[in-house]
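Examination of the molecular architecture
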Amino acid sequence: MKNSLIIIVMAMMILAAGVAAETEFDFSGQIRIRDEADGKSFTSSDAMLNFVDMRTRINLDAKVNDNVRAYLQIQDSRRMGQFDENGRRLSGELNDGHNLDLHQAYVEIDRIGFERLSFKAGRFEFVMGNERVFGAVGWSNVGRVWDGGQLCYKIDKNRAILFGLKAAERDNEYYNADFDIFGLNLVCDYLHLDAFAFYEYDADTSNYYEGINRLDRMNVGFYYQRQFEQLDFTMNFAYQFGSMAPGIWEVTAPDNNTEELDIAAMMFTFEAGISFEGSLLRRVAAGIDYSSGDDNDGDNKYKAYTNSYYTGHGVRGFMDYFVDVSGTHYEDAGLMDMMFRLEIIPRNDWTIKLDGHYFKTAADYRNPFTSEATTDVGTEIDLTVTTAIIQNVGLAFGASIFSPSDPFSGIRNSDQGYWLYGQATADF
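Residues numbered from 1 in each chain as written. Predicted model: local features only at pLDDT ≥ 70, side-chain atom pairs only at ≥ 80, totals over all residues. Heavy atoms only, no water.

On to the overall build of the chain, then. Looking only at helices and strands, one finds two helices and 19 strands in the chain. Relative to a compact globule of 428 residues, whose C-alpha radius of gyration would be 22 Å, the chain shows 24 Å and is just as compact. By its C-alpha atoms, the chain is 70 × 60 × 60 Å across when sized along the principal axes. Considering the chain as a whole, with its 428 residues, one finds that 41% of them fall into the buried category. (Helix = DSSP H or I, 4+ residues; strand = E, 2+ residues; numbered from the N terminus. Rg over C-alpha atoms; globule rule 2.2 N^0.38 Å. Buried < 20%, exposed > 50% of the residue type's maximum accessible area, 1.4 Å probe, protein only.)

Quick look at empty space enclosed by the protein now. Under the defined criterion, the tally for this structure stands at two cavities of 30 Å³ or more. Within this model, the largest cavity holds a volume of roughly 60 Å³. Lining the largest cavity are Arg-132, Val-133, Phe-198, Glu-200, Asn-219, Gln-240, Tyr-305, Thr-306, Asn-307, Ser-308, Tyr-309 and Tyr-310. Across the lining of the largest cavity, the residue classes break down as five nonpolar, five polar and two charged. Of the pockets and cavities examined, the second largest cavity occupies roughly 50 Å³. Surrounding the second largest cavity, Met-128, Gly-129, Asn-130, Glu-131, Arg-132, Val-133, Asp-194, Phe-196, Tyr-223 and Asn-236 form its lining. (1 Å grid on protein atoms, 1.4 Å probe; cavity = no way out; pocket = protein on both sides within 12 Å on 5 of 7 lines; lining within 4 Å. Points joined across faces, edges and corners; volume = space filled by probe spheres on them. Nonpolar A, V, L, I, M, F, W, Y, C, P; charged D, E, K, R; others polar.)

For a regular strand, side chains alternate in direction, first toward one face of the sheet and then toward the other. Relative to strand E5 (residues 117-124), strand E4 (residues 100-109) is paired through five bridges, and the arrangement is antiparallel. Counterpart to Glu-108 in the pairing with E5 is Lys-120. As paired elements, E5 and strand E6 (residues 146-155) share eight bridges and run antiparallel to each other. Looking across to E6, one finds that Phe-119 is bridged to Leu-151. (Pairing = 2+ DSSP bridges.)

Next up on the list: the pattern of salt bridges. Scanning the entire structure with this criterion turns up 25 salt bridges. A salt bridge links Glu-169 to Lys-166; the shortest N-O distance between them is 3.6 Å. Residue Glu-169 is classed as partly exposed on the basis of its relative accessible area, which comes to 44%. (Salt bridge = Lys/Arg side-chain N within 4 Å of Asp/Glu carboxyl O.)

Strand direction decides the pairing type here: strand E15 (residues 335-347) and strand E16 (residues 350-366), joined by ten bridges, are antiparallel. Considered in E16, the bridge of Asp-337 is made with Phe-359. Hairpin remark: E15 followed by E16, antiparallel, with two residues in the connecting loop. Here 13 bridges tie E16 to strand E17 (residues 373-390), and the two strands are oriented antiparallel to one another.

So this is what it looks like as structure tokens:
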């Protein structure tokens, strides 16, 4: 109820401002329904899960004047037939899940003192490049948003974006315990290049000796994409350095942490493709996605790259085994994904994509059965079919299969994992 009241009050304030300033309003929305059949457990005796997720978004884009824009996006995200926090059914009963939330709400001012300088603040989706470092995670039934602000200096299609994001406000009255992110993103259209540098500082010292912060990390890198007639190239690179406390990914950190870990980790991706105009086979591509790992727990170095804020779905397969690896026996081993992609267009309103992935860890991890070192993971095949045969409605269907190694699955004589989905997205 509290969230609903906040949304109503903000909407009324925007509407009141619109009446006074003759604001131009643009209403839009989207309803997305996705049915998934999940058999990812690697154990054939387990039942295949089946569930339906629905996401509803209502957007209000208000042009206050030639210089000021306000944007409001309300979202309801639910799993059909779910229960509320008190165990009460929300379908077929007289219950309300109070699930309405504020997904985005921000003010954008185009000219701040200078013609090319703009300002944006509030709650918003923040992305860089192809979302390999910062992404909005559109596949998610919720999506990732940030509280913060940014300054943008723009010359033609070139931009310099200075941003600050509040990851955690802990309201500690004795010392700073917040988690803040500050950075700069340079977008050079002429060079087809995005360069970035951002600093993450989590000042919370709970359960650590004085002077040890949870995270003090710098990230630098770039995103490059280019097309030469039929050929296209995409590249990402990121390097992480700084320090972090041991046990940072644990819910409760150990009390005997007396030494910080020095971070030295990197990520690199490369994909090259060739397109065939007017052909049934429209594109063929191959590439690699590499994140460094750490196979030495005995030193004070941490060499595993952390994919904290990226859009993971589809990057390393559609089954999402590697979006969050925390708590697994291979969590610090990194990953190397060698992939190929085929795109077929049988007719203008249909697209068929076939992706193949061969996975290995970047560093050794411990085989849970023999305690020997291994890098074995498995292979994945993804088939996706999309169509726009219905106006303003996107239809998508997918089927995936994953063949794991036993050390990766943690199951002797492990079975293959399966996943199916069908999705309809209506925009209005």
